[in-house]
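# Summary of the model geometry
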Amino acid sequence: MQTTKAPRNKTIELTPKEVSHYARKAIKLNFKASLDYVLDKTIHQDVFKTLDYLPDESVDLVIVDPPYNLTKIFGNSVFKERDFSEYKKWLDKWLKKLPRIMKENASIYICADWKTSISIPEIAGKYFILQNRISWEREKGRGAKDNWKNCLEDIWFFTKSKEYTFNLDAVKVLRPVRAPYRDDSGAPKDWQDNGDKRHRLTYPSNIWTDISIPFWSMPENTSHPTQKPEKLLAKLILASSNKNDVVLDPFLGSGTTSVVAKKLQRHYIGIEREKEYVALAERRLELAGENTEIQGFENGVFKSRNYE
């Protein structure tokens, strides 16, 4: 018996018929494709079968959220935890294919949990220049009984060369002012006074505590087990690309990278092997054409968590 969703439950769900419909919008590759052929497309295919077919030096930004070294079900597939040395070989197998696809000034962000994070600079460092490590608070889930609750993830920031895009002003954070100092004339010092609200735009750090994980009352939420928030991807895309640049996600999942790229007027290429997630990505891309809002990002400004 089919259950009825609660009125505030905005999770995107597809019927089997809708999955088939949206999955047909994706493409598959068995030849070296031109950029026009893959631009703004979801490629329904395994990443190892796809990267060799993408055009040379065509991508401005790569965002990768690969399976962490955990046993987890993704659609009809299971990624099994493996010996750490084997996991590093698996990382190397696809990472070494990316430099050819990226432009000389391109950047790449690689997501990781605490356990697999230490392998990223070792493997990716063979092909790219390490610039930083972002740690963000993933405040969701129950606590562990015999360990510290895991609510921290990393995003490793690399570039292909020493010349790369970084749009600082696009990713400043709006924060409330706790100590509203004024200069000798009485004017606000390094903050803005909007009557009952006082705030300043601050430089972004590599510790992010303003991210909300998608949940059932958020319209971006899907059934994907490791879905990243749109706000998280928006920061990376705005910082490290410009309008009309090309953003690639080799492990697209439910489509967040492509969706946010579209909302921010970038081109996208997404690779995903699971039919259910391909369909979710295509449905979300359709919705992004109707609504470009990103929760926590308003009027070109990122708001700190719970700041109105």
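Look up a bit, the structure's there.
Cut-offs applied
Within each chain, residue numbers correspond to sequence positions counted from 1 in written order. Given that the model is predicted, a residue must reach a pLDDT of at least 70 before its local features are reported, and side-chain atom pairs must reach 80 or more before they are shown or counted; all residues, however, enter totals for whole chains, interfaces and linings. Side-chain figures throughout are based on the complete set of non-hydrogen atoms in the structure, without hydrogens or water. Strands are runs of DSSP state E lasting at least two residues, helices are runs of H or I lasting at least four, and both sets are numbered from the N terminus onward. Per-residue accessibility, obtained with a 1.4 Å probe over protein chains only, is compared with the maximum for each type, and a residue is labelled buried under 20%, exposed over 50%, and partly exposed between these values. Here, residues are in contact when the closest pair of their heavy atoms is within 4.5 Å. Shrake-Rupley sampling with a 1.4 Å probe provides the accessible areas, and residues are treated as covered by the protein chains on show and by no other component. Two strands pair if DSSP finds at least two bridges between them. Aromatic pairing here means that ring centres of Phe, Tyr or Trp (its six-membered ring) are within 6.5 Å. Orientation follows from the plane angle: under 30 degrees is stacked, over 60 is edge-to-face, and everything else is tilted. To sit over a ring, a charge needs its Lys NZ or Arg CZ within 6 Å of the ring centre and within 35 degrees of the ring normal. Residue count minus one, scaled by 1.5 Å, sets the expected span of a helix. In this text, buried Ala, Val, Leu, Ile, Met, Phe, Trp, Tyr and Cys residues form a nonpolar core when linked through side-chain atoms within 4.5 Å. To obtain each axis, a line is fitted to C-alpha atoms, and for helices this fit is confined to the stretch in contact; angles are then taken between N-to-C directions over 0 to 180 degrees. These descriptions rest on fixed angle ranges, namely under 35 degrees for roughly parallel, over 145 for roughly antiparallel, 65 to 115 for roughly perpendicular, and the rest for oblique. Classes in brief: Ala, Val, Leu, Ile, Met, Phe, Trp, Tyr, Cys and Pro nonpolar; Asp, Glu, Lys and Arg charged; the others, Gly included, polar. N or O atoms within 3.5 Å of each other form a polar contact, as long as, within protein, one can give a hydrogen and the other can take it, and as long as residues adjacent in sequence are counted only when both atoms are side-chain atoms. Salt bridges are counted wherever a side-chain nitrogen of Lys or Arg sits within 4 Å of a carboxyl oxygen of Asp or Glu.

Per the secondary structure count, the protein includes nine helices and 15 strands. Scored against the burial criterion, the 308 residues of the protein give a buried share of 49%. Pairs at least 24 residues apart make up 70% of the contacts formed inside the protein by residues separated by at least 6 positions. When the accessible area of the protein is evaluated, it comes to approximately 16300 Å², of which 48% is carbon and sulfur surface.

Let's shift gears to the pairing of strand β12 (residues 246-249). Of the two faces of β12, the one holding V246 and L248 and the one holding V247 and D249 are both buried throughout. Pairing between strand β2 (residues 59-64) and β12: two bridges, direction parallel. Counterpart to V62 in the pairing with β12 is L248. Bridge count for β12 against strand β13 (residues 267-272) is four bridges, and the pairing is parallel. Counterpart to V247 in the pairing with β13 is Y268.

The next thing to look at is the packing of aromatic side chains. For the structure on display, the rule yields twelve aromatic pairs. An angle of 70° between the planes, with centres 5.1 Å apart, marks the rings of F79 and W90 as edge-to-face. Here the residue F79 occupies a position in strand β4 (residues 77-79), and W90 occupies one in helix α4 (residues 84-95), the gap between them amounting to eleven residues. As far as the burial class goes, F79 and W90 line up, both buried. With a centroid separation of 5.9 Å and an interplanar angle of 85°, the aromatic rings of F157 and Y164 are classed as edge-to-face. The buried category is assigned to F157, whose relative accessible area is 6%. Over the ring of F48 we find K93; its NZ or CZ atom is 4.6 Å from the centre of that ring.

Another point: α4. If you check α4, its first and last C-alpha atoms are 16 Å apart, about what twelve residues at 1.5 Å a residue would give, namely 16 Å. Among all positions in α4, only Y87, K88, W90, L91, D92, W94 and L95 are buried. Along its buried surface, α4 packs onto α3 (47-50), β2, β4, α5 (98-101), β5 (102-113) and α6 (120-124).

Next up on the list: the nonpolar core. Formed by 40 residues in total, the largest nonpolar core has its most connected members in L54, W94, L95, L98, I108 and L248. Ignoring anything within four residues of it in the chain, the contact list for W94 reads F48, L51, V64, P66 and F251. W136, I155, W208 and L238 belong to the second largest nonpolar core, which has 31 residues in total.

Attention shifts here to the packing of helix α1 (residues 16-23) against helix α9 (residues 275-288). Their axes nearest at 8 Å, the elements α1 and α9 cross at an angle of 75°. Taken together, the axes of α1 and α9 lie roughly perpendicular to each other. Facing α1, whose interface residues are V19, S20, Y22 and A23, α9 presents K275, E276, V278, A279, E282, R283 and E286. In the contact of α1 with α9, the residues fall into five nonpolar, one polar and five charged.

Attention shifts here to the side chain of K160. Mapping K160 onto the fold places it in the loop between β7 (152-159) and β8 (173-176). Overall, K160 belongs to the buried group, its relative accessible area being 18%. Among the polar contacts listed, one links the side chain of K160 to the backbone oxygen of P99, at a separation of 2.7 Å. Contact partners of K160, with chain neighbours within four places excluded, come to E57, P99, M102, K103, E104, A106, F128 and I129.

Counted according to the given criterion, the structure contains 20 salt bridges. A salt bridge links D56 to R100, with the nearest nitrogen and oxygen atoms 2.4 Å apart. Of the two residues, D56 is situated in the loop between α3 and β2 and R100 in helix α5; the sequence distance between them amounts to 44 residues. On the accessibility criterion, D56 (45% relative accessible area) is partly exposed. Residue classification places R100 among the partly exposed residues on the basis of a relative accessible area of 30%. Of the charged contacts in the structure, one is a salt bridge between K235 and D210, with a shortest N-O distance of 2.8 Å.

The next subject is unusual backbone geometry. Positive phi, close to 60°, is recorded for D40, a residue that is not glycine. Positive phi, normally seen in glycine, also occurs at Q265, with a value near 65°. Taking relative accessible area as the criterion, Q265 reaches 49% and is therefore assigned partly exposed.

This part covers the sheet that holds β13. Adjacent strands of a sheet pair through backbone hydrogen bonds, lying either parallel or antiparallel. Pairing is mixed in the open sheet, where eight strands are placed in the order β1-β13-β12-β2-β5-β7-β6-β11. Unpaired on one side and paired on the other, β1 (41-44) and β11 (207-208) mark the two borders of the sheet. Sheet topology note: the β5/β7 ladder contains seven bridges and is antiparallel. By the bridge assignment, S107 is partnered in β7 with T159.

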